[in-house]
Amino acid sequence: MRRLSPILLAACLASPAMADPLRVLGTVGMVSDIARQVGGDCVTVDTLIAPGVDPHYFSARPADVRALEQADLIVYVDRALEERLADVLDRFADRRPVLGVVAATFDAADLLTDPEDPTIPDPHVWMDASLCARIATPLADTMGALRPDCAADMTARAAQLKTRLDALHDWTRATIAT
């Protein structure tokens, strides 16, 4: 039987253990996907609202509240999108980090407005790749603050994602223009 050398054993015991992945719960797939791409191996990401369910009308059930309770970070788009979930998210913000990506990323002047109420910015930012790209930075900042050992990698992945989405935006504009 082989034994570990005392030096290797000491090195293994002295090295800090990798922190558990940050448990991120996104309300909708669009923010969950960006969190997953930015967070890499430092995060596990789940999505609260299933595909095909309208987030404007989604109401939390007991199982959803349990999922929110288990998250280290809750990420949502905007109160104008997850309207019926807003009060629940406010209550959780007293207990754990909750990030509204539209409020953390944009000024109202950056966004289209709701045609029915021009005082409400349109929260559907994933419909414009150049806007969607900007969400990556506050996600990297927030997740990086919660997992400092991963912050530099998250920042780099956010920059790479932004570059890819900006290129997609440019390609889309050029394609539509022809």
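Okay, so let's go over this structure. Treat the numbers as computed from the prediction; the structure is a model and nothing was measured. (Residues numbered from 1 in each chain as written. Predicted model: local features only at pLDDT ≥ 70, side-chain atom pairs only at ≥ 80, totals over all residues. Heavy atoms only, no water.)

For the coordinates displayed, the defined rule picks out 1 disulfide. The partner cysteine of C42 in its disulfide is C150, sulfur to sulfur 1.9 Å. Its torsion about the S-S bond being -80 degrees, the disulfide of C42 and C150 is classed as left-handed. In this pair, C42 is assigned in the loop between α2 (29-39) and β2 (43-47) and C150 in the loop between α7 (136-146) and α8 (151-177), connecting sequence segments 108 residues apart. Given a relative accessible area of 9%, C42 falls into the buried group. (Disulfide = S-S within 2.5 Å. Helix = DSSP H or I, 4+ residues; strand = E, 2+ residues; numbered from the N terminus. Buried < 20%, exposed > 50% of the residue type's maximum accessible area, 1.4 Å probe, protein only.)

This brings us to the pattern of salt bridges. Between side chains of opposite charge, a pair can form as their charged atoms come close. For the coordinates displayed, the defined rule picks out 6 salt bridges. With its nearest N and O atoms 2.8 Å apart, the salt bridge here joins D90 to R79. In this pair, D90 is assigned in helix α4 (residues 86-92) and R79 in the loop between β3 (73-76) and α4, connecting sequence segments 11 residues apart. Accessibility expressed as a relative area gives 40% for R79, which makes it partly exposed. (Salt bridge = Lys/Arg side-chain N within 4 Å of Asp/Glu carboxyl O.)

Further remarks concern the side chain of S130. Mapped onto the elements, S130 comes out in helix α6 (residues 129-134). In this structure the side chain of S130 is engaged in a polar contact, spanning 2.6 Å, whose partner is the side chain of D128. If we skip the residues at most four places from it in the chain, S130 touches D166 and H169. (Polar contact = N/O pair within 3.5 Å; in protein donor to acceptor, adjacent residues only side chain to side chain. Contact = heavy atoms within 4.5 Å.)

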